[in-house]
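# Examination of the molecular architecture
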Amino acid sequence: MSNGLAGTTLRINLATGEIRRFPTDEDLYRDWHGGRGITAKILYDEVPRDADPLGPKNLFLLNAGIMSGCFVPAGSKVEFGAVSPLTNGPGDSNMGGHLGPTLKFAGYDMIIFEDISPRPVYLFVDNETVELRDASPYWGMKSLDCEKRLKEDLGEDFEIATIGPAGENGVLFACITHDFGRQAGRTGQGAVMGSKKLKAIAVRGNKSLHVKDLDSLRKQVTEIIFRTQKHPNMEPWQKYGTAFFMQWSNMNAVMPTFNFQTTYYEDIDKIDGDQLVEKCLITHKACFGCWMNCGKFTKAVVPGKPEVHLEGPEYETGSLCGPNLGIKDIHHLAYINWLLDNLGLDSMSGGGVIAFAMECFERGLITEKDLEGHSLKWGSLDDIEHFLDLVAYRRGIGAWFAEGTKRAAARIGRGSEKFAMQVKGQEMSGYDGRWAPGMLLSYMTADIGAHHNRSWTITVDMAEGRENIEGRAKIVVYLQHIRPLFDTWCICRLFWGELDVTPEELVESLNHITGWGVGVEDVLRTSEKIWNLNRCHYLERQRNHGRTYDYPPARAWEDKIPSGPGKGKGLSLAQIDRMLDEYYAARGWDKNGNPTRELLRDLGIEYAADNLEKLGLLGEPIPGGIPKVRGEKYKPKAF
Ligand code: SF4
């Protein structure tokens, strides 16, 4: 048995129903580490560049990385991957819970779905038994309802991932839901799953994983467990989860408010972490192998509506569906979270899309006539509920917004592109970057569009000077190498980010599991290779230079922050261009944002240079050569 791996990879052709089993390619894992690394490699190698993301030639991958299911801090994650219908580039998204470890306990490292099923199906995995089963009884069900029903039908010990109506109907920011509140939300993986007529994945497994040096792993991780339990951040994390940051972000003027018009919300006290714990909390909740339990299982009680139960709102949903929509009641916020979850919509893009539509409504760019007679006013729960129904079922103008803010703005026009708060088609996470230049640069350059999980710099911005853009690019590059490693290994990032578990310790765990004997510099280099391969894939699909796609919407430089502690702050287009120049130089890309042959050769992926060259997109050689160290090691400050 392989160290850390379950041993088998499945390839399932949904059109024919053929299920093939292969020994997991250990060399591939050694080179790409699983998770988003293997996802990047397989998508690059196998999906034709002209493939429609919602068509038969796109693949849909599910894999648990090398550390998922092992005795490490929260080896809980599973990674989904496909060319994204939202960004039209390589896409991936991961979730916690228990699905990833259970997949490995059933004996499988990865499932690759090909083509499209002629009828709705779900995948049934029970150790050796792997079957595509008829999903017609479940098709049309909402995500949380479907998970509950499948557990009733199959057994409580099955781990279930589902899509909701949004995924079935091809909403481009549809998500995948698991564990009644864990989502693979970003890049529209739920839309791809729906396009393949795959309603759900149900897995049960009870096998063991073999690791290279169990005694050393147990000793090391036991020490980490005892140490991190005493960390000062542990108590607020366990009490509030990420909802703790609602006040923090507001106080520091990065809170997206009224569709990123401003960065400070006067009514934050009504929807912050204290309100969540006091009024909504039912119990705390953790993913597999986690002692931090950031999950908050809650209820929303709104007069005139059913009482509903959900996980959250965590910070991202809280910010993007709270201040960003003008919500002033914690139960309303939780109810919106539940609506999005049950419809199967990414609550981050979902918040961004609602906010964009609200601003369009405020400006008269859409009217009640477009909204079946409803209005869409800031803070109105009823308006939001109706609007989400339009979007999830693509009714009327809902079909425009179902394509995300970038495409909706292209349809609506009349200047709305300026406040469609996205990059590369993906809506921004819950931080305004106008007074946090590193954060804005992170959004601009992330391979999957404006998502914070690739690089989060706000404490760095604060430490280094919030008006100062110099040197920020190197830090962004470093963070873009280290943070995605967690999605590659399929473990939770928060033990590193919040509890000071070091990269050196995690690499030591990796070596105890695999016996690879690698160092931190080696894994950072692997991460850089993944980053560059995704960049090449993205450029090959767009058939254009990279710089074209790395700009934020014009609000980021045309509008200064109008109120709150950040009043008057903002960046100019010249500063944004300078940050991009510095970023490309730090990466060893040319001024157009295209990787060079020298860099791709250095990373061992020169075949990508050949492909770029054929399209006229290979970066010009850098005078003096590429930098030897790309990215500057930076330890983020603890909160
Ligand atoms: Fe899951 Fe939160 Fe624990 Fe991470 S810290 S594993 S997201 S419960």
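Here's a quick rundown of the structure.

## Some remarks on helix α16 (residues 404–412)
- Within α16 the residues assigned to the buried category are Gly404, Thr405, Ala408, Ala409 and Ile412. Each buried residue of α16 lies within a common arc of 155° when the element is viewed along its axis, so the set occupies one face.
- Just downstream of α16, glycine 413 is the residue with a positive phi angle, here 65°.

## Points about the packing of aromatic side chains
- Per the counting criterion, the structure on display carries 26 aromatic pairs.
- Aromatic pair tyrosine 335 and tryptophan 338: ring centres 5.5 Å apart, planes at 45°, arrangement tilted. On the criterion of helical spacing, the pair formed by tyrosine 335 and tryptophan 338 is a turn pair, its members being three residues apart in helix α12 (residues 330–343). No difference in accessibility class separates tyrosine 335 from tryptophan 338, as the two residues are buried.
- Ring pairing ties together the aromatic residues Trp237, Tyr240, Phe244, Phe245, Trp248, Tyr315, Tyr431 and Trp456, which thus form one cluster.
- We note arginine 466 situated over the ring of tryptophan 435; from NZ or CZ to the ring centre the distance is 3.7 Å.

## Looking at the pairing of strand β7 (residues 121–126)
- Most of β7 is tucked away, with six of its six residues classed as buried.
- Here β7 shows two buried faces, one formed by Val121, Leu123 and Val125 and the other by Tyr122, Phe124 and Asp126.
- Judged from the six bridges that link them, β7 and strand β8 (residues 129–134) form a sheet pairing that is antiparallel. Looking across to β8, one finds that tyrosine 122 is bridged to arginine 133.
- Following β7, the chain reverses through two residues before pairing antiparallel with β8; asparagine 127 in that reversal takes a positive phi of roughly 55°.

## Looking at the packing of helix α2 (residues 35–46) against helix α22 (residues 520–542)
- Packing of α2 against α22 brings their axes to within 10 Å, and their N-to-C directions diverge by 35°. When you trace α2 past α22, the crossing you get is left-handed. For the pair formed by α2 and α22, the contact residues are Arg36, Gly37, Ala40, Lys41, Leu43 and Tyr44 on the first element and Ile530, Trp531, Leu533, Asn534, Cys536, His537 and Glu540 on the second.

## Details of the site of the ligand
- The environment of the ligand is formed by Ala74, Ser76, Arg182, Ala286, Cys287, Cys290, Met292, Cys294, Cys492 and Leu494.
- Residue classes in the shell around the ligand are distributed as eight nonpolar, one polar and one charged.

## Some points on the sheet that holds strand β14 (residues 295–300)
- Judged by pairing direction, the sheet is antiparallel, and its three strands sit side by side in the order β13-β14-β15 without closing on themselves. This sheet does not close on itself; its edge strands, each paired only once, are β13 (281–285) and β15 (308–311). For this sheet the average axis-to-axis angle between neighbouring strands, irrespective of direction, equals 20°.
- Two elements, β14 and β15, share four bridges in a ladder whose sense is antiparallel. When the sheet's bridge partners are listed, threonine 298 is paired in β15 with leucine 310.
- Relative to the sheet, helix α10 (residues 273–280) contacts β13 and β14, its axis offset from that of β14 by approximately 65°.
- Packing against the sheet, α12 makes contact with β14 and β15, and its axis sits at approximately 80° to β15.

## Considering helix α24 (residues 573–587)
- Helix length check: α24, at 15 residues, gives a terminal C-alpha distance of 21 Å against a target of 21 Å (1.5 Å per residue), a fit within 8%.
- Among all positions in α24, only Ile576, Met579, Leu580, Tyr583, Tyr584, Ala586 and Arg587 are buried. Here the buried residues of α24 occupy an arc of 160° about the axis, which is enough to place them on one side.
- Buried-residue contacts for α24 involve α17 (437–445), α19 (472–489), α22, α23 (555–558) and α25 (597–602).

## Considering the nonpolar core
- Formed by 167 residues in total, the largest nonpolar core has its most connected members in Leu345, Phe356, Ile366, Phe387, Phe401, Trp489 and Tyr583.
- Leave out the neighbours within four places in its chain, and phenylalanine 356 touches Asn259, Phe401, Thr405, Ala408, Ala409, Ile412, Ser416, Phe419 and Ala420.
- Met95, Ile163, Met193 and Ile201 belong to the second largest nonpolar core, which has 28 residues in total.

## Details of the environment of aspartate 346
- With respect to the helices and strands, the residue aspartate 346 is situated in the loop between α12 and α13 (347–362).
- Aspartate 346 gets classed as buried once you look at its relative accessible area, which sits at 5%.
- Along the primary structure aspartate 346 and isoleucine 469 are separated by 123 residues, whereas in three dimensions their C-alpha atoms are 31 Å apart.
- Once residues within four sequence positions are removed from consideration, aspartate 346 is found in contact with Phe173, Ala174, Cys175, Gly185, Arg186 and Leu340.
- Polar contacts involving the side chain of aspartate 346 include one to the side chain of arginine 186, which spans 3.2 Å.

## Considering the packing of α12 against helix α14 (residues 381–392)
- In the contact formed by α12 and α14, the axes pass within 11 Å of each other and the chain directions differ by 10°. In terms of their interaxial angle, α12 and α14 are classed as roughly parallel. Between α12 and α14, the contacting residues are His332, Tyr335, Ile336, Leu339, Leu340 and Leu343 on the first element and Leu381, Ile384, Glu385, Leu388 and Ala392 on the second.
- Residue composition of the contact of α12 with α14, by class: nine nonpolar, one polar and one charged.

Rules behind the numbers
- Residues numbered from 1 in each chain as written.
- Predicted model: local features only at pLDDT ≥ 70, side-chain atom pairs only at ≥ 80, totals over all residues.
- Heavy atoms only, no water.
- Buried < 20%, exposed > 50% of the residue type's maximum accessible area, 1.4 Å probe, protein only.
- Helix = DSSP H or I, 4+ residues; strand = E, 2+ residues; numbered from the N terminus.
- Arc of directions from axis to C-beta.
- Phe/Tyr/Trp six-rings, centres within 6.5 Å; stacked < 30°, edge-to-face > 60°.
- Lys NZ or Arg CZ within 6 Å of the ring centre and 35° of its normal.
- Pairing = 2+ DSSP bridges.
- Axes fitted to C-alpha atoms, helices over the stretch in contact; angles between N-to-C directions.
- Left-handed = near helix turned anticlockwise from the far one by under 90°.
- Contact = heavy atoms within 4.5 Å.
- Near = heavy atom within 4 Å.
- Nonpolar A, V, L, I, M, F, W, Y, C, P; charged D, E, K, R; others polar.
- Expected span 1.5 Å × (residues − 1).
- Core = buried A, V, L, I, M, F, W, Y, C linked by side-chain atoms within 4.5 Å.
- Polar contact = N/O pair within 3.5 Å; in protein donor to acceptor, adjacent residues only side chain to side chain.
- Parallel < 35°, antiparallel > 145°, perpendicular 65-115°, else oblique.

By themselves, these are just geometric observations and shouldn't be taken as functional.
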